[in-house]
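Commentary on secondary and tertiary structure
Given next are the chains, with one letter for each unit.
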Amino acid sequence: MTSTKRRNTWQKDAVRHALGEAIGFVSAQQLHLVLQNHGSTIGLATVYRALGELAEAGDADSLQSKEGEWLYRACTTSHHHHLICRDCGKTVEIEAKKLEAWADQVAEEHGFSAPSHTIEIFGKCSDCAKSPLA
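In this text, all values refer to a predicted model and were calculated from it rather than measured experimentally.

**Here's the deal with the pairing of strand β2 (residues 60-64)**
With five bridges joining them, β2 and strand β3 (residues 70-74) adopt antiparallel strand pairing. Counted as the bridge partner of Leu 63 is Leu 71 from β3. Here β2 hands over to β3 after five residues, with Gly 68 in that stretch at a positive phi of 95°.

Below, the structure is given as structure tokens:
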């Protein structure tokens with residue numbers, strides 16, 4: 001497998017900046033709308049491509065919504081997991097050392113080596129749980 005270095009463009013920088021300003025996970029369409037509202041001429045296909053490259057490089061997290069849409073969030077590059085509010089999208093990065101040990105143990109028990117994983121825990125944040133509409 002060869003590694004290709006992706007070049008940095010003003011479009012990718014704009015997407016990275018807009019993603020960093022977003023709260024929680026957002027879709028490419030939502031990010032594109034924000035960019036357009038700030039006068040950007042970046043096309044939707046370019047936003048999708050930039051988000052994919054940022055996720056591939058570890059500069060963004062991605063997850064698939066229950067509707068099947070890919071959502072993105074600016075993120076730290078260290079290995080971690082997420083708690084995600086299914087109502088408002090609030091996201092908290094968490095470390096889970098017990099999960100790491102469990103994943104290693106399960107992989108070993110089944111004859112697998114070098115396990116990797118992604119874990120997203122969905123629930124309601126305290127603000128949404130207090131909401132009268134909850």
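**As for the pattern of salt bridges**
If you walk through the whole model with that rule in mind, you get five salt bridges. Glu 93 is the salt-bridge partner of Arg 73, the closest N and O atoms lying 3.0 Å from each other. Within this pair, whereas Arg 73 is found in strand β3, its partner Glu 93 is found in strand β5 (residues 91-94), the two being separated by 20 residues in sequence. By relative accessible area, which is 28% here, Glu 93 ends up partly exposed. A single network of salt bridges, built from pairs that share partners, joins Asp 13, Arg 16 and Asp 59.

**Focus on the pairing of β5**
Note: strand β4 (residues 81-85) against β5, four bridges, orientation antiparallel. Note on β5: the bridge partner recorded for Ile 84 is Thr 91. Hairpin connection from β4 to β5: five residues lie between these consecutive antiparallel strands, with Gly 89 at a positive phi of about 85°.

Rules used in this analysis
Residues numbered from 1 in each chain as written. Predicted model: local features only at pLDDT ≥ 70, side-chain atom pairs only at ≥ 80, totals over all residues. Heavy atoms only, no water. Pairing = 2+ DSSP bridges. Helix = DSSP H or I, 4+ residues; strand = E, 2+ residues; numbered from the N terminus. Salt bridge = Lys/Arg side-chain N within 4 Å of Asp/Glu carboxyl O. Buried < 20%, exposed > 50% of the residue type's maximum accessible area, 1.4 Å probe, protein only.

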